[in-house]
Amino acid sequence: MSARTLMAAAVLTISAPTMAETPAVSPSIPTSVSATIDPAAEVLTLETERHSRLTLPVLVEGTGPFAFMIDTGSQATAVTHEIRTTANLASAGTAVLVGMASRRQVELANVRRIEFGTNSYTNFSAPVLSRENVGADGIIGLDALQDFRVLIDFRKQTIAVEDTNMKEKRGGFEIVVRARSRLGQLLITDATVEGVKVTVIIDTGAQASLGNMALRDKIRAKRAQDVVTTDVNGVDIVGELAIVRSLSIEGLALTDVPLTFADTPAFDALGLRDKPVLSIGMQHLALFDRVAIDFGRQRVLFDVPADVARAMRQAKQSANYRPRY
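Residues numbered from 1 in each chain as written. Predicted model: local features only at pLDDT ≥ 70, side-chain atom pairs only at ≥ 80, totals over all residues. Heavy atoms only, no water.

## So, the packing of aromatic side chains
Line of reasoning, step 1. As enumerated under the stated definition, the model contains two aromatic pairs in all.
Line of reasoning, step 2. Taking the centre distance of 4.8 Å and the plane angle of 40 degrees together, the rings of Phe288 and Phe302 count as tilted. Here the residue Phe288 occupies a position in the loop between helix 5 (282-285) and strand 24 (290-294), and Phe302 occupies one in strand 25 (residues 299-303), the gap between them amounting to 14 residues. Here Phe288 matches Phe302 in class, with each residue buried.
Line of reasoning, step 3. Taking NZ or CZ as reference, Arg290 lies 4.1 Å from the ring centre of Phe173, over its face. (Phe/Tyr/Trp six-rings, centres within 6.5 Å; stacked < 30°, edge-to-face > 60°. Helix = DSSP H or I, 4+ residues; strand = E, 2+ residues; numbered from the N terminus. Buried < 20%, exposed > 50% of the residue type's maximum accessible area, 1.4 Å probe, protein only. Lys NZ or Arg CZ within 6 Å of the ring centre and 35° of its normal.)

## Let's talk about the pattern of salt bridges
Line of reasoning, step 1. Tallied over the entire structure, the rule returns 13 salt bridges.
Line of reasoning, step 2. Among the salt bridges present, the one from Glu107 reaches Arg84, with a minimum N-O distance of 2.2 Å. Of this pair, Glu107 sits in strand 9 (residues 103-116) while Arg84 sits in helix 1 (residues 81-86), and the two are 23 residues apart along the sequence.
Line of reasoning, step 3. For Glu107, a relative accessible area of 39% corresponds to the partly exposed category.
Line of reasoning, step 4. Between Asp303 and Arg290 there is a salt bridge, with the nearest N and O atoms lying 2.9 Å from each other. With Asp303 in strand 25 and Arg290 in strand 24, this pair connects stretches of sequence that are 13 residues apart.
Line of reasoning, step 5. Judged by its relative accessible area of 7%, Asp303 falls in the buried class.
Line of reasoning, step 6. Residue classification places Arg290 among the buried positions, given a relative accessible area of 7%. (Salt bridge = Lys/Arg side-chain N within 4 Å of Asp/Glu carboxyl O.)

## A closer look at the nonpolar core
Line of reasoning, step 1. By size, the foremost hydrophobic cluster in this structure holds 64 residues, and its most contacted members are Val60, Ile140, Phe261 and Phe302.
Line of reasoning, step 2. In terms of residue count, the dominant contributor to this core is strand 22 (residues 252-261) (five residues).
Line of reasoning, step 3. What Phe261 contacts, discounting residues up to four positions off in sequence, is Leu210, Gly211, Asn212, Met213, Leu215, Arg216, Ile219, Ala221, Gly239, Glu240, Ala242 and Val244.
Line of reasoning, step 4. Core analysis: the second largest hydrophobic core is formed by 13 residues, Met100, Ala101, Phe267 and Leu270 among them. (Core = buried A, V, L, I, M, F, W, Y, C linked by side-chain atoms within 4.5 Å. Contact = heavy atoms within 4.5 Å.)

## A few points about the environment of Val96
Line of reasoning, step 1. Along the polypeptide, Val96 turns up in strand 8 (residues 90-98).
Line of reasoning, step 2. Val96 sits in the partly exposed class, given a relative accessible area of 29%.
Line of reasoning, step 3. The spacing of Val96 and Glu107 is eleven residues in sequence and 8.8 Å in space, taken between C-alpha atoms.

## Regarding the pairing of strand 5 (residues 54-60)
Line of reasoning, step 1. Within strand 5, five of the seven residues are buried, which leaves the element mostly enclosed by the surrounding structure.
Line of reasoning, step 2. Relative to strand 6 (residues 63-70), strand 5 is paired through five bridges, and the arrangement is antiparallel. Pairing of Pro57 across the sheet is with Ala67, part of strand 6.
Line of reasoning, step 3. Between strand 5 and strand 6, which follow one another and run antiparallel, lie two residues, and Glu61 among them has a positive phi close to 50 degrees.
Line of reasoning, step 4. Here two bridges tie strand 5 to strand 9, and the two strands are oriented antiparallel to one another. Among the inter-strand pairings, Leu59 is bridged to a residue of strand 9, identified as Glu115. (Pairing = 2+ DSSP bridges.)

Given below as structure tokens:
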């Protein structure tokens, strides 16, 4: 028995371009972004595309707007062949792109400027991908997000962007998790799956959540069925779908969680092949009301539904802090 999903956890690492010189990366931080995420920070309306991920309008060198996917699992911002043609982007050589299922050499395009709202990212080399594999016109990756705190509000279907140099405000989040950075990616280490410590990656570019085989072996998960996923290189990987009893982050536990398990080059690129690791995709992120990824302060914040928040407060007061979600 086999199910098929499209998984766009994208460019977790890229090798150096083959051309002699690479354009400098110099993101532009707008002065108009305010100190608070809600309501003063710039808020952009998101659209939910057909694979339950989120896109927002982006101008590429003044052309567009195009629908770009916000992908916190991708190291690099990427464009599709259609955008390269429409915006007449010059070649920037080639590079090896590491997707969830494969390593492939891809073409690079020289992008002088992209704009999302009043924010911009300038002078970078973007992998050129096929739209049918991405599921959007392009990808906004970690390279364009490093100077911002990004808040995805699943209730309002919006994204808010703030300058991380501004005054910090927690903003009513029930769960605040410290993370560490590796290749621009924020890794959460204070998490467990069925009691096993696991490194967690927040991947807004993936529909499904994916664990590696080291995690599967630790918890002895029993396969329910095979799942075929396709990465941004158009290469399939077969994973094992299983139901795990619990996934806990900072004391908040998700129960009876469907997870897919597979070993991927993307986990290898982060040096996590032999350690339990879990990439959380949109199927589980959308269970929260809001998720904020603060790259400057290396934190991930979660806002749970009102009834869950109330249960968490009551549990804290009773000194039995074991909330279930």
